[in-house]
Amino acid sequence: MDYSSDEESDISESEIAEYKEKPYEQLKSGKYKVKGTNGMLRCPFCTGKKKQDYHYKDLLQHASGVAKGSANRNAKQKANHLALAKYLETDLASESDQAPHVFEPKPATENQKQDDLFVWPWTGIVTNIVNEQKDGNDLGDSAYWLKKFSKHKPLEVHTFCNDTDQSAIAIVRFHNDWTGFMNAREFEKAFEADHHSKKEWNVHKQHPGSSIYGWVARADDYGSEGPLGEYLRKNGELKTISDIVKEAKQNRNTIVANLANEIDLKNENLDELQYKYIEKSMSLSRMLEEKDKLHHAFYEETRKMQRLARDHVRRILEEQEKLNYELDSKKKELDGWSKELNKREALTEREKQKLDDEKKKNNERNNSLQMASIEQKKADENVLKLVEEQKREKEEALSKILQLEKQLDAKQKLEMEIEEIKGKLQVMKHLGDEDDAAVQKKMKEMNEELEEKLVRWTIWNL
């Protein structure tokens, strides 16, 4: 069963030791599963991590590291991992015997014991070197001995004179790991096979002849008088095989613990980056959705304005047509009156004067109607010009709005692409693959693309 962070509220740092008992009992009861079907172990409190399968030692290291020193974990997580460590040590201790062990090379000791003191870094001694030419080579030259012992893979050779018998001594340095120890032992065995080891040197050193003797430096050489002992004490130290094995195990455990903590921190940083990336993506999606809504609302409002403008123009034209019809009717009515008046003839001066007055008034009315008709035509023309001008201005405004909208869409799209590239670069940096040539090339291309888009975005904002 997976662990849910919603089961309990957070606890304080002082309550960690007390709280660990509850998840420990849940682990014992089987509520939280530690052992998988494939025989591997898993952490039930870190279900979101990429690494799910652990060996016993690795899982114990993980639980102890989180419980004791992870600054990014809250008190509850530390208490849970403390309970897991207790469960592994108490109830699953048998799994440690089944866990695969890292191969630790055991040096062939033969006559040596694990507590024999060797000079470390591993050092070989070659003595009774006669200072003379041999096959055209100077026996006091370090390069000659490096070449001679090359099959034993020495790091360096130092030679110095032995003032007591006018001979030279060579110090052969090997690598300080187990491979170096094996090479040093092979170096010593070669001299033992030729009966020119330290044992024979101690027997024949008064009359050694011209042969060289060699062995691996030990405690008696380290404490000896003269330049040999001084060199060994200055450049090395005495260690037993068991000491070196113990130090190697401690160093390996320290490295494993540091790597486990670093992996946990990397995973947490990666989870945080992924969460921010998803949050950014959702924010950008909401922005796009809002933009689409605004675009639709603007389109609908534009259509509404166009419909209202058409209705307004139609009403104006209908009113104009109605006025023209009424004006024509009045003109016809006046023309009828004028014809009727012309038919009548006044017999008296008074009637004639009255008829003239009527005609004069009729003419004045006719002129007024004609002037009104002219003014109406001018007004109609002005209305049409005004309608055309409004139509042109609305088309220009609509064109400008559409152009600004396109620019805004392009700018928002560029900003979203910039944010997306930044998010991908952050994820790739936190994945820790920067030494990969393909990843570096991809990151370089993404950085160039980001710079180009930033320049375009800066130009648009000027």
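Residues numbered from 1 in each chain as written. Predicted model: local features only at pLDDT ≥ 70, side-chain atom pairs only at ≥ 80, totals over all residues. Heavy atoms only, no water.

Take the overall build of the protein chain next. Of the regular secondary structure elements, the protein chain holds 13 helices and eight strands. Across the 462 residues that make up the protein chain, the buried fraction comes to 31%. Just so you have it, the protein chain exposes about 30,900 Å², and 51% of that area is on carbon and sulfur atoms. (Helix = DSSP H or I, 4+ residues; strand = E, 2+ residues; numbered from the N terminus. Buried < 20%, exposed > 50% of the residue type's maximum accessible area, 1.4 Å probe, protein only. Areas by Shrake-Rupley, 256 points an atom, 1.4 Å probe, with all protein chains shown as cover.)

So, about the environment of Lys394. Mapped onto the elements of the fold, Lys394 is located in helix 12 (residues 349-430). Taking the C-alpha atoms as reference points, Lys394 and Gln306, 88 residues apart in sequence, are found 8.7 Å from one another. Not counting residues up to four positions away in its chain, the partners in contact with Lys394 are Met305 and Ala309. (Contact = heavy atoms within 4.5 Å.)

So, on to helix 2 (residues 21-29). Here helix 2 has its buried residues at Pro23, Tyr24, Gln26 and Leu27. Viewed end-on, helix 2 has its buried residues packed into an arc of 160°, placing them on one side of the element. Phi for Gly30, located one or two positions after helix 2, is positive at around 95°. (Arc of directions from axis to C-beta.)

Right, let's get into helix 4 (residues 75-90). For helix 4, spanning 16 residues, the distance from its first C-alpha to its last is 22 Å, which sits close to the expected 22 Å at 1.5 Å a residue. Regarding helix 4, the residues found buried are Ala75, Lys76, Lys78, Ala79, Asn80, His81, Ala83, Leu84, Ala85, Tyr87 and Leu88. (Expected span 1.5 Å × (residues − 1).)

Moving on: the environment of Glu188. Secondary-structure assignment places Glu188 in helix 7 (residues 178-193). Sequence separation between Glu188 and Trp215 is 27 residues, and the spatial gap between their C-alpha atoms is 4.7 Å. Within the local environment of Glu188, its side chain forms a polar contact with the side chain of Arg218, the two groups lying 2.8 Å apart. (Polar contact = N/O pair within 3.5 Å; in protein donor to acceptor, adjacent residues only side chain to side chain.)

Moving on: the nonpolar core. Counting 23 residues, the largest nonpolar core has Trp122 and Val126 as the members making the most contacts within it. Mapped onto this core, the elements with two or more residues apiece are strand 1 (117-120), strand 2 (123-130), helix 6 (142-148), strand 6 (167-173), helix 7 and helix 11 (241-343). For this core, the element with the highest residue contribution is helix 7, accounting for five residues. Setting aside its immediate chain neighbours within four residues, Trp122 contacts Val172, Arg173, Phe174, His175, Asn176, Asp177, Gly180, Phe181, Ala184, Ile241 and Ile244. (Core = buried A, V, L, I, M, F, W, Y, C linked by side-chain atoms within 4.5 Å.)

Tallying each qualifying case throughout the model produces 14 aromatic pairs. Taken together, a centroid distance of 5.8 Å and an interplanar angle of 20° make the contact between Trp145 and Phe149 stacked. Residue class for Trp145 comes out buried when judged on its relative accessible area of 2%. Through pairs of rings, three or more aromatic residues link up here, namely Tyr144, Trp145, Phe149, Phe174, Phe187 and Phe191. Over the aromatic face of Tyr24 sits the side chain of Lys86, whose NZ or CZ is 4.4 Å from the ring centroid. For the cation-ring pair, Lys239 lies above Trp120, with the distance from its terminal atom to the ring centre recorded as 3.9 Å. (Phe/Tyr/Trp six-rings, centres within 6.5 Å; stacked < 30°, edge-to-face > 60°. Lys NZ or Arg CZ within 6 Å of the ring centre and 35° of its normal.)

Take a nonpolar patch on the surface next. Residues Ile255, Leu259 and Ile263 make up a contiguous nonpolar surface patch of about 270 Å² in total accessible area. Along the chain, Ile263 falls in helix 11. (Patch = residues over 30% accessible without salt bridge, like charges linked within 9 Å, V, L, I, M, F, W, Y side chains within 5 Å. Salt bridge = Lys/Arg side-chain N within 4 Å of Asp/Glu carboxyl O.)

It is the contact of helix 2 with helix 4, at a shortest axis distance of 8 Å, that shows an interaxial angle of 45°. In terms of axis orientation, helix 2 runs oblique to helix 4. Note that helix 2 runs across helix 4; the crossing there is right-handed. Of the residues in helix 4, those in contact with Glu21, Pro23, Tyr24, Leu27 and Lys28 of helix 2 are Ala79, Asn80, Ala83, Leu84, Lys86, Tyr87 and Thr90. Classifying every residue of the contact of helix 2 with helix 4 gives seven nonpolar, two polar and three charged. (Axes fitted to C-alpha atoms, helices over the stretch in contact; angles between N-to-C directions. Parallel < 35°, antiparallel > 145°, perpendicular 65-115°, else oblique. Left-handed = near helix turned anticlockwise from the far one by under 90°. Nonpolar A, V, L, I, M, F, W, Y, C, P; charged D, E, K, R; others polar.)

For Trp178, the position within the fold is in helix 7. Each C-alpha atom, one on Trp178 and one on Val245, is 9.5 Å from the other, the two residues being 67 residues apart in sequence.

Before going further, it helps to spend a moment on unusual backbone geometry. Geometrically, the link from Trp120 to Pro121 is a cis peptide bond, its omega value of 5° lying close to zero. For Pro121, the position within the fold is in the loop between strand 1 and strand 2. Of note in the backbone geometry, Lys153 takes a positive phi value of approximately 55° without being a glycine. Mapped onto the fold, Lys153 is located in the loop between helix 6 and strand 5 (156-162). Even without being glycine, His195 reaches a positive phi, approximately 60°. Here His195 shows up in the loop between helix 7 and helix 8 (198-204).

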